[in-house]
Each structure stands twice: as C-alpha cells, then as structure tokens.
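# Topology and contacts: notes
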Amino acid sequence: MTVHSDVAHNNKNYLNHETTLWSWLSTVDHKRIGLMYLFTITGFFIVGGLAALTMRMELASSGADFLSPEQYNVLFTLHGAIMIFLFIVPGIPATMGNFLLPLMIGAKDVAFPRLNLLSFYIYVVGAFMALYALLNPIDTGWTFYAPYSMQTQSAVILMTGAAFVLGFSSILTGLNFVVTVHRLRCPGMTWDRLPVFVWGLYATAVIQTLATPVIGMTLLLLIVERWLGVGIFNPAMGGDPVLFEHLFWFYSHPVVYIMVLPAFGVVGEIIPVFSRKPLFGYKMVCYASVAIALVGFLVWAHHMLVAGISDTSAIYFSVITFGVAIPTAIKVFNWVSTMYKGSISFDTPMLYAMGFVFLFMIAGTTGIYLATLAVDVFYHDTYFVVAHFHYTIQGGAVIGLIAALHFWFPKMTGKMYNEPLAKIAFVLVFVGFNLTFLPQFVLGMEGMPRRYFDYLPEFEGLHRLSSYGAVVNGFGYTFALLNLLGAWIFSKKQAPANPYNSLSLEWNTQSPPIHENFEETPSVTDYPYAYGTPVEGGGH
Amino acid sequence: MTSVAQTIPGEPPHPHHWTPTNAYHGAKLGMWLFLATEILLFSVLFTAFALYRWAYLGEFHDASLNLDWKLGALNTAVLILSSFTAALAVDAAQRGNNKRVKHLLLFTVMCGGIFLVVKYFEYSHKYHIGLFPGVECPVVEAGALHGSEGHGGGADVAEGGHHLEYCWPKDTSGLSEGQREMLVSSKYKMYFGLYYCMTGLHALHVIIGMLLLSWVCFHASRNRFSEKYYTPVELGALYWHLVDLIWIYLFPLLYLVD
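Remember, predicted model here, so these are calculated numbers, not experimental data.

Rules used in this analysis
Residues numbered from 1 in each chain as written. Chains lettered and ligands numbered in written order. Predicted model: local features only at pLDDT ≥ 70, side-chain atom pairs only at ≥ 80, totals over all residues. Helix = DSSP H or I, 4+ residues; strand = E, 2+ residues; numbered from the N terminus. Rg over C-alpha atoms; globule rule 2.2 N^0.38 Å. Contact = placed C-beta atoms within 7 Å. Nonpolar A, V, L, I, M, F, W, Y, C, P; charged D, E, K, R; others polar. Domains from an automatic or database assignment. Buried ≥ 20, exposed ≤ 12 C-beta atoms within 10 Å, placed from the backbone. Core = buried A, V, L, I, M, F, W, Y, C linked by C-beta atoms within 7 Å. pLDDT = per-residue confidence, 0-100. Axes fitted to C-alpha atoms, helices over the stretch in contact; angles between N-to-C directions. Parallel < 35°, antiparallel > 145°, perpendicular 65-115°, else oblique. Left-handed = near helix turned anticlockwise from the far one by under 90°.

Turning next to the overall build of chain A. Helix and strand counts for chain A stand at 18 helices and zero strands. The C-alpha radius of gyration computed for chain A amounts to 23 Å, which stays within 12% of the reference 24 Å derived for 540 residues, consistent with globular compactness. Within chain A, residue pairs in contact and separated by at least 24 positions form 85% of the contacts whose partners lie at least 6 positions apart.

Printed below as a string of structure tokens:
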C-alpha cells in the first residue's frame, strides 16, 4: 500500500462541516460522536480520580483523619462504579473506536450511524441516573454483592438501574462495530489486512454484545430482589448470594477484556510505526485477540476462588485462567520482537506504548499469582488484588487510551501537540503510577485488606508512599490532558495528513478528516505493517 | 449522514455509505446479533430457575400446580400461529404484495393481543388469591384457613371480594399468627418471583414485538415494500419468532414439567 503524503488538504473538515449546536447534538457522524464520548468520559475520569485522591489522602496516615468509615465506603464504591461503568468500559471503543474504525477500514461511517447516536444518548441517560444516585450514594462496593446490597438503605436501585441503562449503550455499540467490520470494509480490505486495532475492536465488540446482557439481567434481578423480596439471593429465604457472584462475574470478567483489548490494539498500531518495522507475527496477534475474547468467558470464578465454590470448580477456573494468559503473552512477545532491531524513535505515543508493555507485564504476572489457588487464599481481598487490577486497568487500558489520544491527536484535531511537555507529563504519569501501586503489592503481601477505611500503624509507611504517588499520578494526567487541550485550542501549527509516516488507511486522508472521511473510496492491496520492506506488496 | 428524506415506495432507502444489497445483509446481521443478546438476557433467568428447581424440587412442583396448563397451551398455540402468519408476511413482502403484508401483520399483532389478554386473566386470578407480590394480608384469626396450599380454604376480604388464600406483603413484621399462616412460603416466593420475572419480561417483549410489527404494518399500508426492499418485514418477523421461541421454552418449563 502506498503512503500518500501528498493528500490534498482543503479547509473543510468534519469539525467545521456544520457548526451549530444542533448539528453536534443531532450528528450521526462517527467522528463527532467519538469526540462527544471523549469529553464526557474525561469528565467522569476526573470525578472518579478525585474520589481516589480523597481516599488516598485519608489513607496517608493511620487512624481516622477526615473521613468517617461510611464516607470511605461510599468513596471506594463511587470510585469503582464511575471509573468502570462511566469511564473505562465505554473507554477506547466509544471514543477512539468510534472515530477510527470506519477510517481504518476505508468506510464512510459505521454500519448504523443513527444507532450510534442513540448509543451515546443512552449513555448520557445512564450517566444522569448515576449522578442522581449520588444524592444517596451507595456503599456496597462496585460489585454490589448480596446480601448487603439488598439491605443497605442507599440508592442501590438507582445506581444499578444506571448501570443497566449504560449496558444498553455498550451492547448497541458492540453490535454496530461487529456489523461494520463484517460489511463495510473497502475493496481489497480482507480480514488479513485489517489493522490490529480493528481486530481488537472487533473482539471487544463481540464481548460487549454477548456479555453485557447477562449483567443487565443480573442487576435487574437485584432490583427485583430489593423491591419485591423474592429471595433469589437471600439465604434467609433459601436463596444463594454466591449465585449473584456467579452471574455478576460472568460479565465482569469479560468486561476487563473489553477494557484492555482495544488498548492492545493501540499498542499494536504504535509500536510498528515508531520502530519502522512490520508488526512481528501479525496473524498470531489477530488470533490472540479473538482467543482472549473467547477464553475470557470461561474464567469468571477466579474472582470467587475463596467464596465457597467447590474444590473442583476452583481447580478448573484456576487452570483455565493460566490458559487465558497465553494469548496475551504471545502479544507481548510479538510487540517486543517488533522493536528488536527496529529503528526506534521515542515520540510520546511510543513512550506510552512501551510503558504499557512494561506495566502490563507486571499486571499479567501478578494475575497468575492470584490465579494460583494456594496463593489466592492469602491474597484475595488484600491490596495485592487492588494493585494487580490497577496495573491492568490503569497501567493497561488507561495508558492505552492516553497513548491513542497522543498518537491520533493530529488526525482528530489537525494540530500537533507540544512534544517536550507531553514527554514530561508521561514521566510524571509513569513514575506516579508505579509509586502509587508498587507499594500496594507489598502491602497486600503483608496482609493489608482492601476496602478498609483504616489500618495497623505498621502499614503507614507504604500507604504514605502510595499516597504521594497518587498525587504525582494525578498531576501527570492533568498535565497531559491540559497539554493536549491547550494544543487543540491555541496551536497554530497545521498537522500534516501523515506526520508519522504510518501505513494504515486513516492516515490516507487529511488531518482532520473531511466529513465523508475520504475523497474517494480507497482500496488496499496489502496489510498496514509493511514498514521497511523494499518491494511494495512484499507481504507477510 | 443517512438520507431518510427520500423514501420511494418499493425502493430501498439510500444511506450514502451502504449499497442496498450490503445494507440488507448488514441489517440482518445486526438483528441476529441483537437476538443473541436477548437470548443471553433470558438465559440468566433460565439459569436461576434451573438451579432453584434442582434445589427445591418438591416446593417448585407444588407451586407449579397453581398454573393452568390449558391457558398456557392456548397461548402457545396462539403464538405459534402468529409466527406462521409473520413468516407468511415476509413471503408476501418479497412478492411486493403490500396489502397481504398488512393483513397478515395485523393478524399477527392481534394474536399477540390475545396472548396478552390470556396472560392478564392468569395474572389477575393469582392476584385475587393473593399469590402476587405486594398483596397485603387481611385480618384473620389463627386457623381460619383450611389447608393454606390448596384451593380449599381462603379468607374472604370485605372490599374487592378477593378470596385470598395467600398474602405476599412487602413487610412481614407485625403480622398476626393467622396472617402468618397465609404468608406465601419462601420457596413459593422463589418460584413465583421467577415466574413473574420470566413471564413478565416475556410479555414486555411481546408488547415490543407488537409495536414493531405495527410500525412495519403502517409502512406496508403505504406500499413501502417490494421484491427489492422488504428488510423491515423480515427483521420484524425475526424478532417475533424470537418472542415465540422464548415462550416455547417457558411453557413446558413452567406449565408442563412435573
């Protein structure tokens, strides 16, 4: 595929196509919808982040400081629920996926553009419900475990109702993306020529479509339980709280792959570009995405290994969880092999991508610790788990999102951001994140339980360290986002169509793209990773 | 941006990013994916039901005796018939016979209505005997009921003339001994809780299906469909078939299995 660095640029683009407020609110342009999601989820990221910082302030010293235990319970619940349901689950698919998927496959829009807009508005309704629930904030943990979630006087019905509504948004987006990838690829774009980001979005969309209905129904049952007292999860009436856990985790394990598979795709796009080398093992990376999506449905009860499930079940889930690590490991090996003997440039997106690989290795290996039955007996519900999932979700999915924002910033806005400032922000984020969560592994190993408002004085040193890290981390994100926002508003430098000489289709149109994406429908003859191959169509 | 403005009867709509054939296949794929999500939605309830039936077989059996299998069979026949007419409607649309489409879909929707009417009678009967969440306990003496689980006894309530055999109040504290005898047992609550959830959710989908098919019927009355374009009829019929299929699982599970 030839790189067109001579893409014609005219001053009309999707941003100035029509500029009334109504044109934005009623848009069915996937690029605008992606932007609207981006601003909304960033707002919730800030809210969830403030909840976390407040907790870390309380936890910096042992003993009660300024929060009551009940307030602390509310804070960790809100932090979890907001970050998960309102930020990272829509996350990369709703923002970067919406923006990039049609561009990467050479289409004019997604399969069902009006459904796409509906997805956004359903998200907004769910978001308002969640905000309204803040008036009587829940304290059950984002996991809503029975029986406490049936007894607490807080607004469980409203909050789970919000999650139910948000689930519809996720399902419809997933459905839209699956049909888009199946039906709207441009001429020549066969499945083995799709960018790995598209493969990642596709695998994610399959999970979104199939897993989300299960949590929807489970939360509905929880609402029915609270409202009518049916007894499904109430042991006093013959029900089983562990049934709730099974139903809950049947979705909530696949959801972590919804969070991270797109981030894998982002990293798979960035590393070849900044190593000027083809992605190593492209086909295996694609298969691995699908394998992760499928096997991810089979491991849910590793969240319940000490909840009272049978030994046989526990052994099964432990073994399969080891198995689900394999496709991810394949990806990590392939990314690193891509860099080997490449010509690496350390632009900000590459820094974040490399940071991702490092952080996700820690995340993945500590996951194996937790999957090991004898070890999990000690580590379950300790800070070890908290550190593990923050490494996967924040060190993985969030870093992936920030990497994507930087990499595709020129494409989305038509401007270039300030590179030195972006690098400084990266260092703050990376150092801050590790300072926050590495001590938490140690805390967990020493027995510090999670979701605890207070702790024994011997844990104070590590907690204090973690709290300092949280401040640096928060500052880093703020700096990174302000840098991008500032560049968008104030920068005068017009970005070229293809500033990084990347081979995928989205770079084959101007920055920012025109409303219809491409002047003419493109066609492709090769996969988008033929970097450094001397003969065009040299293939893979 | 999709151009909905110009819809020429018989011609497919022309969103600018699809070709008409591709749009048809894409729409079908989208609908099948959506049906998959509906099946997963109901599967949670079927799982819970299967689990608790296995755990409490005796009580679940007793509770299921309160259901009238003849009404259930009637509903099954009605829905199967309506699925047949929906399929005929698709065939008619493929031949461009909009009038026949309209009549067949009206009949299908009417069958849906019959289903809901029968359901209404089933639910209201249970409400009258107190086997419904939220029914408050009347003032009764202890021992006033003869056999609280059969159809023999039952307390008369002054207003409404309900012949209550059970009660299912939200708050069970402060009840007298006589009232406690009338309380739905927890296993019955489990059975009927799941029963109302499953049949209620299904009835909701019947209503959605009826609305969907009515909308398609409206377009048929405007001669919208032809050999070249019948996608909405096919998708609407697919949805209706799913609604029927779910009932075909519900009926034996709730009404027939011992």
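Another point: the overall build of chain B. Each helix and strand in chain B was counted, giving seven helices and two strands. Sequence-distant contacts, at least 24 apart, represent 75% of the contacts inside chain B between residues at least 6 apart.

Quick look at the interface of chain B and chain A now. Counting residues at the interface gives 28 residues for chain B, matched by 34 residues for chain A. Within the residue set of the side of chain B that touches chain A, elements represented by two or more residues are helix H1 (20-55) and helix H6 (186-221) of chain B. No other element matches H1(B), which puts 15 residues into the side of chain B that touches chain A. The residue inventory of the side of chain B that touches chain A, partitioned by class, reads 15 nonpolar, 10 polar and three charged.

You can read the domains of chain B as domain 1 (31-119 + 184-256) and domain 2 (132-137 + 152-183). Just the C-alpha atoms count here: the centres of domain 1 of chain B and domain 2 of chain B sit 33 Å apart.

Residues and elements named next belong to chain A. Omega for the bond connecting Ala-146 with Pro-147 falls within 30 degrees of zero, at -5°, which places this linkage in the cis form. In this fold, Pro-147 is placed in the loop between helix H5 (113-133) and helix H6 (148-151). Backbone geometry at Phe-144 places phi at a positive 50°, although glycine is not the residue there. Relative to the assigned elements, Phe-144 resides in the loop between H5 and H6. Backbone geometry at Asp-381 places phi at a positive 60°, although glycine is not the residue there. Its 15 C-beta neighbours within 10 Å are what place Asp-381 among the partly exposed residues.

What follows deals with the nonpolar core. In this structure, Val198(A), Tyr202(A), Val267(A), Ile270(A) and Ala403(A) are the most contacted members of the largest nonpolar core, which totals 237 residues. Looking at which element gives the most residues to this core, the answer is helix H8 (residues 196-228) of chain A, with 18 residues. For this core, the domains that each give at least three residues are domain 1 (31-119 + 184-256) and domain 2 (132-137 + 152-183) of chain B. Ignoring sequence-local partners within four residues, the contact set of Val267(A) consists of Trp335(A), Ala353(A), Phe356(A), Val357(A), Gly400(A) and Ala403(A).

What follows concerns the confidence of the model for chain B. Residues and elements named next belong to chain B. Summarising the model, chain B shows a mean pLDDT of 88, and 90% of its residues fall at 70 or more. Mean pLDDT across the elements of chain B ranges from a minimum in strand E1 (residues 155-156), with 58, to a maximum in helix H3 (residues 69-94), with 97. Confidence drops under a pLDDT of 50 for residues 147-153, and excluding neighbours within four residues, the segment shows 11 contacts in the predicted structure. At the level of chain-chain contacts, confidence expressed as ipTM amounts to 0.91, with global pTM at 0.93.

Attention now goes to the packing of helix H7 (residues 156-183) of chain A against H8(A). Residue and element names in this part refer to chain A. Relative orientation of the contacting elements H7 and H8 amounts to 155°, with a least axis distance of 7 Å. Taken together, the axes of H7 and H8 are roughly antiparallel relative to one another. Crossing of H7 against H8: the hand is left-handed. Here the residues of the contact of H7 with H8 are counted per class, giving 21 nonpolar, 10 polar and one charged.

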